[in-house]
Amino acid sequence: DTGKSCLRLDLHGLSSDEGIERVMELVKILALPKLKGKSALVITGKGNHSPGNIPTLKPAIHDLLKKVSQNGIFSLKYREDGGGGAFKIRRIRIH
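Residues numbered from 1 in each chain as written. Predicted model: local features only at pLDDT ≥ 70, side-chain atom pairs only at ≥ 80, totals over all residues. Heavy atoms only, no water.

(A) A look at the overall build of the chain. Scanning the chain from terminus to terminus reveals two helices and four strands. The order of helices and strands in the chain, counted from the N terminus, is β-α-β-α-β-β. Residue burial in the chain is summarised as follows: out of 95 residues, 41% are buried. When contacts within the chain are restricted to residue pairs at least 6 apart in sequence, long-range pairs at least 24 apart make up 61% of them. With the model as given, the accessible surface of the chain reaches about 5,800 Å², and the carbon-plus-sulfur share is 54%. (Helix = DSSP H or I, 4+ residues; strand = E, 2+ residues; numbered from the N terminus. Buried < 20%, exposed > 50% of the residue type's maximum accessible area, 1.4 Å probe, protein only. Contact = heavy atoms within 4.5 Å. Areas by Shrake-Rupley, 256 points an atom, 1.4 Å probe, with all protein chains shown as cover.)

This is the structure we're talking about:
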C-alpha cells in the first residue's frame with residue numbers, strides 16, 4: 001500500500017551514515033502508539049550511481065532494517081515493484 005496510509009522516505013543521494021540516521025528517525029516515528037499498523041516505503045535506489053556501481057546505501061539500510069525487524073515490533077518486506085531499490089517496513093505491534 002503506497003497510498004496515503006504509507007509513509008515514504010527517499011534516500012537517493014545520501015551517504016550510508018545519513019541514510020541510517022534518517023531511517024532511525026523514521027523508526028522512532030513509526031514506534032509512536034498512534035501509528036500501529038502504519039507502513040513506510042524506504043527508497044534506497046539500487047546503487048547504480050555509486051562509485052564503481054557498487055551499492056553502499058542499500059546494504060547498510062537493509063542491515064539496519066533487518067535488525068529493527070528482529071524485535072517483533074516491525075515487519076520488513078523487499079519492495080520489488082520499485083525495481084529492487086526499496087524496502088517496506090510496517091509497524092505490527094506495540095512494544
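(B) Examining the environment of P33 more closely. Within the secondary structure, P33 is located in the loop between α1 (16–30) and β2 (39–43). On the basis of relative accessibility, which here comes to 57%, the residue P33 falls in the exposed class. Measuring from C-alpha to C-alpha, the distance between P33 and R93 comes to 8.9 Å, with 60 residues separating the pair along the chain.

(C) Structural view of the nonpolar core. Residues L11, V23, V42, I61, L65, F74 and I89 are the most contacted members of the largest nonpolar core, which totals 19 residues. Secondary-structure elements contributing two or more residues to this core are α1, β2, α2 (57–69), β3 (74–79) and β4 (86–91). Sort the elements by how many residues they give to this core and α2 lands first, with five residues. Apart from the residues within four sequence positions on either side, V42 is in contact with L9, L11, V23, L26, I61, L65, G85, A86, F87 and I89. (Core = buried A, V, L, I, M, F, W, Y, C linked by side-chain atoms within 4.5 Å.)

(D) Fine view of the pairing of strand β1 (residues 6–10). Summarising the sheet, β1 and β2 pair through five bridges and their orientation is parallel. By the bridge assignment, C6 is partnered in β2 with S39. Since β1 and β2 lie parallel, the crossover through α1 that links them has a hand, and here it is right-handed. (Pairing = 2+ DSSP bridges. Right-handed = clockwise from strand over helix to strand, strands pointing away.)

(E) View of the pairing of β4. Within β4, five of the six residues are buried, leaving the element largely enclosed by the surrounding structure. Pairing analysis gives five bridges linking β2 to β4, with the strands arranged antiparallel. Across the sheet, I43 pairs through a bridge with A86, a residue of β4.

(F) Structural context of α2. With 13 residues, α2 extends 18 Å between its outermost C-alpha atoms, agreeing within 8% with the 18 Å of an ideal straight helix rising 1.5 Å per residue. Within α2, burial applies to L57, A60, I61, H62, L64, L65, V68 and S69. (Expected span 1.5 Å × (residues − 1).)

(G) Fine view of α1. Over its 15 residues, α1 extends 21 Å from the first C-alpha to the last, a length consistent with the 21 Å expected when each residue adds 1.5 Å. Within α1 the residues assigned to the buried category are S16, G19, V23, L26, V27 and L30. Around the axis of α1, the buried residues are gathered within 100° of arc, so they sit on the same side. Facing away from the buried surface of α1 by more than 90 degrees, the exposed residues are D17, E21 and K28. (Arc of directions from axis to C-beta.)

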